Amino acid sequence: MVVSLSQIFGGAGLAAGITVGALLAQQMLGTDAYAGVPSALFTLGSAGAAFIVGRVSQRYGRRTGLSAGFIVGGLGAIGVVMAAMMNSVILLFASLLIYGAGTATNLQARYAGTDLATNKQRAKAISTTMVMTTFGAVAGPNLVEIMGKFAVSIGVPSLAGPFILSATAFIIAGFVLFIMLRPDPLEIAKRIEAYKQKSASETNTQSIHPTNNKRGLAVGATVMVLTQIVMVAIMTMTPVHMKHHGHGLTEVGIVIGFHVGSMYLPSLVTGILVDKIGRTAMSIASGITLLLAGLLAAFAPSDSMALLIIALSLLGLGWNFGLISGTAQIVDSTEPSTRAKTQGKMDVLVALAGASGGALSGMVVANASYAILSLAGGLLSLVLIPVVIWSRRA
């Protein structure tokens, strides 16, 4: 319940970077070629943060690791606001790196719900936490115009307004976890594991030293990495694409709101499906859904809000399928004594994948088109299918 509450605020915090990050960079740099840089930077920052949060959580517990990550992310959002006020591109880029800590922590919080879950309940536990992110993540993009007006009223550039919301939301999420997440679920899981090992030793039962399933980790990581690349690349350039074709911030907020809602809201059903029909089937479903999203985004008329909403909703849904099925495989393949540290490493790969997708997306659109970017992303998602089929045969 405490983790779920923090996720509401965390979801609102991450929405700003998704919705206006590219537009802010475009405004300050005066070119589309680097519009994907903000997404790349805060995703790159989230890679480093994922590693650190994982290490801190393994040593000191989820409460300390997650609360610190959210608060640091909030400080990064404050830096983005100051950069916009000073028109400093260097400060903007540095602050976006720090802001990434909030996005990494918001994603890592999904693991906290699995620490005490059984194998048949893990995907559902992951999804329950992610569903709560929906409330903040959907509200965030739809507050873009309101926060923009508020920012102007206090002398801040309008595109920096959503980052004021991010700073507040991330810091509140951090304090909610620090004050209320007691007892720490990971600490309890480690004690249970130690008790089982001790009992096995006392009864002369062969003690099994915890080991990670490397094949399961490889497959889970591949599923999450590919879905992240495709989702971030297309999502990052959608606001820029819409702006070029006459859509305002309100329309951008609506499309991104549907996208983010589709990333998180279906989670509860997705978790049940992953537990019931299996990780492999849902990973394949992720690849097919992302392909459909890419094709629709590529060929939809640029002035069609309805088709853009459907395309971005499918993009979010495909990511949701991939993240939950991949995360479940990661949790299945780890033990409490090494779980948080290993999960942090896996999320580093996911974050680096997102950074690559974000950085390359602007260059692809500047040198080709949004349609080419969307089509390439959809085709890349098909790589998921042979990977998961190989894992099942192995």
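Shown above is the structure to which this text applies.
A quick note: this is a predicted structure, and the numbers were derived from the prediction, not measured.

### Concerning the overall build of the protein
Link 1 in the chain: For the protein, the count of helices and strands is 16 helices and zero strands.
Link 2 in the chain: Considered along the principal axes of its C-alpha atoms, the protein spans approximately 70 × 45 × 30 Å.
Link 3 in the chain: When each of the 394 residues of the protein is scored for burial, the buried share is 58%.
Link 4 in the chain: Contacts in the protein between residues at least 24 apart in sequence constitute 86% of all its contacts with a sequence separation of at least 6.

### Considerations on the packing of helix H11 (residues 267-277) against helix H12 (residues 279-299)
Link 1 in the chain: The N-to-C vectors of H11 and H12 enclose an angle of 130°; their axes lie 6 Å apart at closest approach. When the axis of H11 is compared with that of H12, the two are oblique. Contacts between H11 and H12 involve Thr270, Leu273, Val274, Asp275 and Ile277 from the former and Arg279, Ala281 and Met282 from the latter.
Link 2 in the chain: A per-class count over the contact of H11 with H12 returns five nonpolar, one polar and two charged.

### Side note on the nonpolar core
Link 1 in the chain: Core analysis: the largest hydrophobic core is formed by 85 residues, its most contacted members being Leu24, Phe163, Tyr264, Leu315 and Trp319.
Link 2 in the chain: Counting residues in hydrophobic clusters, the runner-up holds seven residues, among them Ala47, Ala101, Ala104 and Ala351.

### Looking at a nonpolar patch on the surface
Link 1 in the chain: Together, Leu44, Val72, Leu75, Ile78, Met82, Met85, Met86, Leu97, Ile98 and Leu352 make up an exposed nonpolar region whose accessible area comes to about 880 Å².
Link 2 in the chain: Elements supplying a minimum of two residues to the nonpolar patch: helix H3 (62-86) and helix H4 (89-112).
Link 3 in the chain: Top contributing element to the nonpolar patch by residue count: H3, with six residues.

### Regarding the environment of Asn213
Link 1 in the chain: Tracing the sequence through the fold places Asn213 in the loop between helix H8 (185-202) and helix H9 (214-244).
Link 2 in the chain: Along the primary structure Asn213 and Ser333 are separated by 120 residues, whereas in three dimensions their C-alpha atoms are 4.7 Å apart.

### Focus on unusual backbone geometry
Keep in mind that most residues, glycine aside, have a negative phi and that most peptide bonds are trans.
Link 1 in the chain: Backbone torsion omega between Arg182 and Pro183 reads -5°, so that peptide bond is classified as cis.
Link 2 in the chain: In this structure, Asn87 is a non-glycine residue whose phi angle is positive, near 55°.
Link 3 in the chain: Among the structural elements, Asn87 can be located in the loop between H3 and H4.
Link 4 in the chain: Using a relative accessible area of 53% as the deciding quantity, one classes Asn87 as exposed.

### Considerations on the packing of aromatic side chains
Link 1 in the chain: Applying the stated rule across the entire model yields four aromatic pairs.
Link 2 in the chain: Measuring from centroid to centroid gives 5.7 Å for Tyr99 and Phe170, while their planes differ by 50°, and the two rings are tilted. With Tyr99 in helix H4 and Phe170 in helix H7 (residues 161-180), the pair connects residues that are 71 residues apart, well separated along the chain. You'll find Tyr99 and Phe170 in the same group, each marked buried.
Link 3 in the chain: Counting every residue linked through ring pairs, the aromatic cluster contains Phe70, Tyr99, Phe163 and Phe170.
Link 4 in the chain: The positively charged end of Arg63 is found above the aromatic ring belonging to Phe178, 4.6 Å away from the centroid.

### Let's talk about the side chain of Gln329
Link 1 in the chain: Structurally, Gln329 is set in helix H13 (residues 305-332).
Link 2 in the chain: The class of Gln329 is buried, set by a relative accessible area of 11%.
Link 3 in the chain: Residues within four places of Gln329 in sequence aside, it is in contact with Gly216, Val219, Gly220, Val223, Arg279 and Ser283.

### Focus: the side chain of Ser67
Link 1 in the chain: Looking at where Ser67 falls in the secondary structure, it is placed in helix H3.
Link 2 in the chain: A polar contact is formed between the side chain of Ser67 and the backbone oxygen of Thr64, at a distance of 3.2 Å.
Link 3 in the chain: Beyond its immediate sequence surroundings of up to four residues, Ser67 is in contact with Arg62, Gly174, Leu177 and Phe178.

### Description of the environment of Ile78
Link 1 in the chain: Relative to the elements of secondary structure, Ile78 occurs in helix H3.
Link 2 in the chain: For Ile78, a relative accessible area of 37% translates into the label partly exposed.
Link 3 in the chain: When the C-alpha positions of Ile78 and His244 are compared, they lie 28 Å apart, and in sequence the two are 166 residues distant.
Link 4 in the chain: In this view, Ile78 contacts Ala167 and Ile171; residues no more than four positions away in its chain are not counted.

### Observations concerning the packing of H9 against H13
Helix packing for two helices is described by the angle between their axes and how far apart those axes are.
Link 1 in the chain: One way to put it is that H9 packs onto H13 with a least axis distance of 8 Å and a crossing angle of 160°. Of the possible angle classes, the one that applies to H9 and H13 is roughly antiparallel. When you trace H9 past H13, the crossing you get is left-handed.
Link 2 in the chain: For the contact of H9 with H13, the class distribution of residues is 17 nonpolar, twelve polar and no charged.

Rules behind the numbers
- Residues numbered from 1 in each chain as written.
- Predicted model: local features only at pLDDT ≥ 70, side-chain atom pairs only at ≥ 80, totals over all residues.
- Heavy atoms only, no water.
- Helix = DSSP H or I, 4+ residues; strand = E, 2+ residues; numbered from the N terminus.
- Buried < 20%, exposed > 50% of the residue type's maximum accessible area, 1.4 Å probe, protein only.
- Contact = heavy atoms within 4.5 Å.
- Axes fitted to C-alpha atoms, helices over the stretch in contact; angles between N-to-C directions.
- Parallel < 35°, antiparallel > 145°, perpendicular 65-115°, else oblique.
- Nonpolar A, V, L, I, M, F, W, Y, C, P; charged D, E, K, R; others polar.
- Core = buried A, V, L, I, M, F, W, Y, C linked by side-chain atoms within 4.5 Å.
- Patch = residues over 30% accessible without salt bridge, like charges linked within 9 Å, V, L, I, M, F, W, Y side chains within 5 Å.
- Areas by Shrake-Rupley, 256 points an atom, 1.4 Å probe, with all protein chains shown as cover.
- Salt bridge = Lys/Arg side-chain N within 4 Å of Asp/Glu carboxyl O.
- Phe/Tyr/Trp six-rings, centres within 6.5 Å; stacked < 30°, edge-to-face > 60°.
- Lys NZ or Arg CZ within 6 Å of the ring centre and 35° of its normal.
- Polar contact = N/O pair within 3.5 Å; in protein donor to acceptor, adjacent residues only side chain to side chain.
- Left-handed = near helix turned anticlockwise from the far one by under 90°.

Spatial relationships are all this shows, so hold off on functional conclusions.
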